[in-house]
Amino acid sequence: LRSFSRRIPAWIPPRQGCRTLRLWLSVCFTFTGGEFVTRNSRPNIVLLMADDLGVGDLGCYGNTSVSTPNIDRLASEGVMLTQHLAAASVCTPSRAAFLTGRYPVRSGMASPNNMYRDVTWLGGSGGLPSNETTFAKMLQHRGYRTGIIGKWHLGMSCASRGDHCAHPLNHGFNFFYGMPLGLLGDCGASSWPEVHRRLRIQLWVTSAVLATLPFLLLVPRLARWFSVPWTLVAASGFLAALFFLSWFSSYGFVRRWNCIIMRDHDIVQQPAEEARASGLMLREALAFIDRHKRGPFLLFLSFLHVHTPLPTRGNFVGRSKFGAYGDNVEELDWMVGKVLAALDRERLTNQTLVYFTSDNGGRLEAREGSAHAGGWNGVYRGGSGTGGLEGGVRVPGIFRWPTVLEAGRVIEEPTSLMDLLPTLSHVGGGILPQDRVIDGRNLMPLLEGRVQRSDHEFLFHYCGIFLHSVRWHQRDCNTVWKAHYITPHGSPEGVDACHGSGVCACSGDVTHHDPPLLFDISRDPAESRPLSSENEALFEAVLSKMAAAVREHRASITPVPLQLSAFNALWKPWLQPCCGAAFPFCGCSREDA
């Protein structure tokens, strides 16, 4: 503009020169089809998050067995991050960190026990605290229309069935359509149970044993050996029935209690029809773009793909070279393509920041019958739930913003899902909260190429409330060190997964390392060659530097109520969302095809 103003002849009066400049801008706007964009424009924002997608499942990250042309196109037209990291290797804490820009331990969204690392029940009482600031709440205050469609998994109610203290509409979203918990193996009518599978087997066995006790007590009476009081027989039968009902009232109805679809605060399907759910989410996402195309808007499309039971429709069944899971990945890619096509059709592409990622790594223990039903994490060890192992926390990261971000750039610097809050604050004009620690960093200077180094020197990898590993990106060189203080025990022994229990432990069945396991993941991303004082001259100095960073980090953490405590995680009938008839006869289907 300054260049243009210097070309205005001196004989044109200043006010007339301004009118000439405005006319020129008007003509420019017209000939670009209404897509005139400046760096200071507030873009529309579309966030696309898959569920348990492995970083190696995409063509742009090296996969050759699954076709993902739309996500690959997004990467070729934008910036791809190769060391993009989740703050946790399971859904709930990772998503809490994503929304707030803070480690989950700061908001209480980290678990002290192995059973309840995620929000387990919609009828539980723990969830994302209402005093946390999400990027949706921040941008809502700046005039954005905000919506989340798909999986939430951050809690629902606190004290009563309708208080919805942790509902998306209480965290800055104007609109919610989706599954407030998410898609589970239990959501499939004929799928293998997922929630606490080992515990449920133990409960069935215990119930069977207790059920035989009354009959065993009758044997002496019937054989006329001695007389057993009828009151004792009746009491044992009553206790067996009470024990069975106490656990079966929750675990026996997981599909009905957890697998529901809501529109804002209203339940529209209970239980959800898993085969239709993803199609309904896509329909709502496209409708949201159409409603708010005059912007600015924030759409967080939180896919149900690619979590079991892997409901895949139509032409995608049997389409990939990688079975049901590959089919589901290809359907996910098609859905991404539909969203990108909607932006193209509405001529919003140049004024929309699009971001694609996954909440954590692919799940290695997932099974559909005898077939593997989880993702591929490339060369990286571990997967979903495996503490700080690279395969559990390294995720895809793709940003596209035409006219602002250079197409085809690849960035290998450490970045985090927590970076979204400060990044969206920067591009959307939001104001970062000043009363709390924000662990994320604004990525725009790095994405635009104005700086070459990530602002993250240290990143901390938690498993529940336990610090498992630390990453150090040296300021004076490109080396990235990673120290493991705790690693989970695999089952069977020698693998980086826990097939016996379904998910690896954070404490208890783990190995504590003293000295820590140290890797140079800039040269050994597979974490296959641990270093020692014998083969690395800087071994002691690096561990000392990381130990000091851990002490400083821990000193910055303020104790808060644990949202994933055992009490909060328990199913509570008075908190269970319910539609149709009065509880417990819940059920409805108010959604059209």
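Here the structure is a predicted model, which is why all the values come from computation and not from measurement.

Caption draft 1: Main features of the confidence of the model for the protein. Here the protein shows a mean pLDDT of 91. Residues at 70 or above account for 93%. Low pLDDT (under 50) marks residues 1-39, which in the prediction has 25 contacts with non-local residues, meaning those over four places away or in another chain.

Caption draft 2: Focus on a nonpolar patch on the surface. Taken together, the side chains of Leu213, Leu216, Val219, Trp225 and Phe226 present a nonpolar region at the surface, about 540 Å² in accessible area. Mapped onto the fold, Phe226 is located in the loop between helix 7 (197-222) and helix 8 (230-251).

Caption draft 3: Layout of the sheet that holds strand 15 (residues 466-473). If you trace the four strands from one edge of the open sheet to the other, you get 14-15-16-17, paired in antiparallel fashion. Either end of the sheet is taken by a strand with one partner, and the two such strands are strand 14 (458-463) and strand 17 (510-520). Across the sheet, the mean angle from the axis of one strand to that of its neighbour is 15°, orientation sign disregarded.

Caption draft 4: Seen up close, the pairing of strand 1 (residues 44-50). Counting buried residues along strand 1, seven of its seven residues qualify, which places the element largely inside the surrounding structure. Judged by which residues are buried, strand 1 turns out to be covered on both faces: Asn44, Val46, Leu48 and Ala50 on one side and Ile45, Leu47 and Met49 on the other are all buried. Across seven bridges, the pairing between strand 1 and strand 8 (residues 352-358) is parallel. In the sheet register, Met49 faces strand 8, and the bridge partner there is Thr357. Across five bridges, the pairing between strand 1 and strand 7 (residues 297-302) is parallel. Bridge pairing links Met49 to Ser302 in strand 7.

Caption draft 5: Representation of the packing of helix 3 (residues 69-76) against helix 11 (residues 323-345). One way to put it is that helix 3 packs onto helix 11 with a least axis distance of 7 Å and a crossing angle of 55°. Here helix 3 lies oblique to helix 11, going by the angle between them. Along its contact with helix 3, which presents Pro69, Asn70, Ile71, Arg73 and Leu74, the element helix 11 presents Asp333, Trp334, Val336, Gly337, Leu340 and Asp344. Of the residues in the contact of helix 3 with helix 11, the class split is six nonpolar, two polar and three charged.

Caption draft 6: Geometry of the pattern of salt bridges. With the rule as written, the count across this model stands at 29 salt bridges. Glu77 is the salt-bridge partner of Arg400, the closest N and O atoms lying 2.7 Å from each other. Placement of Arg400 in strand 11 (residues 394-400) and of Glu77 in the loop between helix 3 and strand 2 (79-85) is noted, with a sequence separation of 323 residues between them. Residue class for Glu77 comes out partly exposed when judged on its relative accessible area of 30%.

Caption draft 7: How the structure looks around the state of the cysteines. Evaluation of the coordinates by the stated rule reveals six disulfides. For Cys158, the disulfide goes to Cys165, at an S-S distance of 1.8 Å. Between Cys158 and Cys165, the S-S dihedral sits near 85°, and the bridge is therefore right-handed. You can call Cys158 partly exposed: its relative accessible area is 37%. Across the disulfide, Cys187 is cross-linked to Cys259 (sulfur-sulfur distance 2.0 Å). For the disulfide bridge between Cys187 and Cys259, the dihedral angle about the S-S bond is near -85°, and by the sign convention the bridge is left-handed. Residue Cys187 is found in the loop between strand 4 (175-179) and helix 7, and its partner Cys259 is found in the loop between helix 9 (254-258) and strand 5 (261-263); the two are separated by 72 residues along the sequence. On the basis of relative accessible area, Cys187 is assigned to the buried category, the value being 1%. Judged by relative accessible area, Cys259 falls into the buried class, the value being 0%. The connectivity of the disulfide bonds within the protein can be written as 1-2, 3-4, 5-8, 6-7, 9-11, 10-12, using the sequence rank of each bonded cysteine.

Procedures and definitions
- Residues numbered from 1 in each chain as written.
- Predicted model: local features only at pLDDT ≥ 70, side-chain atom pairs only at ≥ 80, totals over all residues.
- Heavy atoms only, no water.
- pLDDT = per-residue confidence, 0-100.
- Contact = heavy atoms within 4.5 Å.
- Patch = residues over 30% accessible without salt bridge, like charges linked within 9 Å, V, L, I, M, F, W, Y side chains within 5 Å.
- Areas by Shrake-Rupley, 256 points an atom, 1.4 Å probe, with all protein chains shown as cover.
- Salt bridge = Lys/Arg side-chain N within 4 Å of Asp/Glu carboxyl O.
- Helix = DSSP H or I, 4+ residues; strand = E, 2+ residues; numbered from the N terminus.
- Pairing = 2+ DSSP bridges.
- Axes fitted to C-alpha atoms, helices over the stretch in contact; angles between N-to-C directions.
- Buried < 20%, exposed > 50% of the residue type's maximum accessible area, 1.4 Å probe, protein only.
- Parallel < 35°, antiparallel > 145°, perpendicular 65-115°, else oblique.
- Nonpolar A, V, L, I, M, F, W, Y, C, P; charged D, E, K, R; others polar.
- Disulfide = S-S within 2.5 Å.

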